[in-house]
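Residue strings, one per chain:
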Amino acid sequence: MTILAADAQPHRSADASWWERSEDLLCVLGDDLVLRAANPAWGRVLGRPPHAFVGAHVFECVHPDDARAILDCLPVAADRFTDLQCRLRDARGRWRWVLWSGVRRGAAWDCSGKDVTALRARTGRGRNGDALARVLRDGLCEVDPYGRIVEVNERFCEMVGFSAAELEGARAPFAFWPEEDHATLAAHFALALTGDERRLELVFCRKDGERFPVTLDASHIEVGADIGAFICVVRDMSREVAERERLREAHRVARLASWELDPRTMSLELSSDLRHIGGLRLPSDPRVEHVLPLIADADRDRAVDALSEVTSGVVDEIVVETAVAFAPDDTRYLETRMQGVRGAAGAVRSVRGTTQDVTARRRAELAREESEERLRQAQRMSGMGSFEVDYSTATINWSPELYRLFGVEGEHFELGLSGVRAMLPAPDREHVVELASETAADGRPRGLEHRYLRAGEPRWAEMRLERLREGAVRGTMQDITARKEAQREIDLQAQLLDAVEVALIASDLQGCVTHWNRGAERLYGWSGAEVLGRSITEFTVVPEDDGVADEIMATVLAEQTWEGEFEVGRKDGSRFPVYMRAALFVDADGHPAGIVGVSVDLSERNETARRLRVALDYSRAITDSMGEGLFTVDGDGRLTYINSAAEALLGWCGEELVGRDMHDTIHHRRPDGTPFDSADCPLYTARREGRLVRIEDDVFIRRDGAPLPVAYTATPLDVGDGVAGSVVVFSDISHRKAEERRLREQVDRVTWAGRVHEALNDERMELHAQPIIELATGRTVQHELLIRMRDRDGALVMPDRFLPAAEAYGVIVDVDRWVVSRATELAGQGHAVELNLSARSLGAPGLVEHFQAELARTGADAGLLVVELTETALLEDEQAAEAFIERVKSFGCKLALDDFGTGYGGFVYVKRLPVDYLKIDIEFVRDLVVNQASQEVVRAIVGLARGFGQRTVAEGAEDQRTLELLRELGVDYAQGYGIARPAPVAEVFGG
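Residues numbered from 1 in each chain as written. Predicted model: local features only at pLDDT ≥ 70, side-chain atom pairs only at ≥ 80, totals over all residues. Heavy atoms only, no water.

## Considerations on the nonpolar core
Then comes step 1: In this structure, Met765, Phe851, Leu865, Val938 and Leu966 are the most contacted members of the largest nonpolar core, which totals 76 residues.
Then comes step 2: Per element, the largest residue contribution to this core is nine residues, and it comes from helix α28 (residues 812-828).
Then comes step 3: Those residues in contact with Leu966, other than ones at most four positions away along the chain, are Leu775, Val925, Leu928, Val938, Ala954, Ala957, Val971 and Ala974. (Core = buried A, V, L, I, M, F, W, Y, C linked by side-chain atoms within 4.5 Å. Buried < 20%, exposed > 50% of the residue type's maximum accessible area, 1.4 Å probe, protein only. Helix = DSSP H or I, 4+ residues; strand = E, 2+ residues; numbered from the N terminus. Contact = heavy atoms within 4.5 Å.)

Rendered as structure tokens:
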């Protein structure tokens, strides 16, 4: 039967992806019973690529016994069939049962088949088997020969945490396989598929990720001669494995091994348990010399001595602990009990013993000892000792550090309650004893500070007490003498500061006041009782400066100190300036504990400074009101004062310049840019020669490096302390210099206008022509005419020198009339040329008539003339420009819009005016090869031109690569130095 596409064939279905994803076998079968198409499921089910079936006759694919059923079904089916079963051979030679249904589509059948091999195999299990699977305490999992789960029982689902719907139909690797064991489990799974019956110990993974051990028995079953499957019986071994591990651990921990020694031959008889402790390997007839090398060097002599004492009868029984090396990195601790067995005469005839592995206990003891040593070290580092007092026995125990605190040596000091009490001064002794007794009685922890004696010297300690048990306490004692002395020093300083007009304020890290001295009370008007425990900002900071406190706090925490001046408020609402210095202080552990600040009222100082400023302002008011810049320098040329006008002119502020050499800063270059040596500096001449110096045209250098044209006077200055200097007053002459330049340029333009007029009269104007080529063919199609002027000495003058003056003084109209006449003459000779006209000429009276008359005079074909106009020309007088264009176009001339792409208006003119050519501005052409943005602009202009039926000309093509890229972008024409430079028309056209 054709095992090919069903109604999911790509050309028959809107969802072609379903054809690829479907687990069903889909195919198209022709009426001639030849397979036309098959989906990928054929490969997955039968293990052979789908194309291996396409083109084959159905009888080549199915079991011979099923061919008749197919022939009988299809003729009868009319337009559809269902429930047709047949067998297909897979890549391993096994026959797979497939259940088919089909729908006729024209001259072919769309067929869909399901693999029912496993379903047919399961029908042999029967009702009793299903009942057994439900009640069995073990998990059951049935897998078909192709690795798919067919069915699982409830116990298996409980085991792995997945539902039957999630498991049935799944392929390996299964969801209950741990990811790290996929390769191992796949290998076992492959062996089970071959038919081998095996018991395996594996690890599965529950849905929640928990791993658990299982045993798996896989039994292969055959249903018929060619269809098989296998059933797995899975048992959760978690409880059994845990129980075995507990038994092994108990056996290892509590194992007692026995042995017996003959003192005469030193031979040993060992129980089997002793041989297995730690993997001991001894000869079959071991002797003492075989065992002794295994004992650690430090314990070997002690073990030999203990054995000698027992064998000689000195002691009847002894216990010894030894370290035994079972491997280079495995040392165990064994506890051995030896007992002498005496004969009738009383002599020891044998030694019997038991040996137990006490490694865990010994390691715990070592860990405890190490922990106690670390505690002792920590106590030494922190200056803290510990103690225990048992009132029922009147005993006391001290840590070594406590001996050090009291300055006594343990071996020479008789420790007792009376001796300890004697080391406490009388005022503190009863208080300490009372609190310790109360803690032992009620169990409530307590703490106190008290004095104690070290070698007769009184010191301070902090003690913490807690009940150890009824009638006993334990505690710690730490020396705080340094801290108490520091606090006493602080208190003393506070008392001293209370006597002066200085406010001392301390706060915690949250800004709450913890100390407020009398100076603070006098300065701010608040008493200590009013402010302690409250935020400092409530009593000092004015509302608009609320962020100052946060700034001070953040700076002190980051940098440990802060100092500055700001305005604060008093209780009566008045305000005054203060200078404050704040610093971070730490607790006994070195952790930040708070901030202490000292503030001083600056009102009087500021008033004095204000009066001085007023006096100084009288003198500076004069200089600051000057429009000219003024600065003073000392005898070494360093700035001592600069007024505001000079600051503005030079771009510097006074604070930046004071003390700097002014020549090196602002006067190190001459007006022409050459270096200016300080020896020649006029600023120094006045000071050096003692005379006034006036300079009318010089340059100072601004802070930004720009030259500042100045005129200045430098006057000697002799200040009161005898240090000579000078005063420099300068003014900005930029406006004067600019006006001079403007006048020179105006005179120059008038001169150029006259020279242009003379050149027209003397026939010294000439045209140069630059070829414009067609990019598709490389053929020259026309020339752009460019105007030049010959000066009286014969030198060639470029248009940028004389055209601006011609434009400004109206001579440009005469120039354009001359250009029109020469251009029409060239057109009359059959040359295609472009001419440029200025904006002022478009509305000039008579130009259009002159154009028409010249066309008539020369008999030129107007179609050979292209008039170039710029967007600027069009904008200057749009009405006149449009009228000119309309008349010129009526003559038959063509129109080119020059410098296109550089302005927004050009796009409007393309739409409104009858433009024939768009000349792409050189700005987009010169970097076309390296600038993607320029390429996109050119491409857009080409598209625009084609949309309006216009042609494009690229200006400024300088090299071959640019020409090639212009051609690729669709530009029609190009001109530039890469093609040819402009040349006189006589050379270009001859004659």
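So much for the structure itself; the text now carries on.
## Description of the sheet that holds strand β22 (residues 513-516)
Then comes step 1: One open sheet accounts for five strands, arranged β22-β21-β25-β24-β23; its pairing is antiparallel. Two strands bound the open sheet, and with one partner strand each, they are β22 and β23 (561-569). Here the strands of the sheet are splayed against their neighbours by 25° on average, with no regard to which way each runs.
Then comes step 2: Of the pairings in the sheet, the one linking strand β24 (residues 575-586) to strand β25 (residues 592-601) comprises nine bridges and is antiparallel in character. From the neighbouring strand, Leu584 faces β25, where its bridge partner is Ile595.
Then comes step 3: Contacting β21 (503-508), β23, β24 and β25, helix α20 (residues 547-559) runs over the sheet at an angle of about 170° to β23. (Pairing = 2+ DSSP bridges. Axes fitted to C-alpha atoms, helices over the stretch in contact; angles between N-to-C directions.)

## Some details on the side chain of Glu834
Then comes step 1: Of note, Glu834 is situated in strand β34 (residues 833-836).
Then comes step 2: On the accessibility criterion, Glu834 (0% relative accessible area) is buried.
Then comes step 3: Reaching out from Glu834, the side chain makes a polar contact with the side chain of Lys919 at a distance of 3.0 Å.
Then comes step 4: If we skip the residues at most four places from it in the chain, Glu834 touches Ile772, Gln782, His783, Glu784, Leu785, Val866, Glu868 and Lys919. (Polar contact = N/O pair within 3.5 Å; in protein donor to acceptor, adjacent residues only side chain to side chain.)

## Observations regarding the pattern of salt bridges
Then comes step 1: Summed over the entire model, instances satisfying the criterion amount to 66 salt bridges.
Then comes step 2: The residue Arg96 makes a salt bridge to Asp115 at a minimum N-O spacing of 2.4 Å. In this pair, Arg96 is assigned in strand β4 (residues 95-105) and Asp115 in strand β5 (residues 108-115), connecting sequence segments 19 residues apart.
Then comes step 3: According to the relative accessible area criterion, Arg96 is buried, its value standing at 2%. (Salt bridge = Lys/Arg side-chain N within 4 Å of Asp/Glu carboxyl O.)

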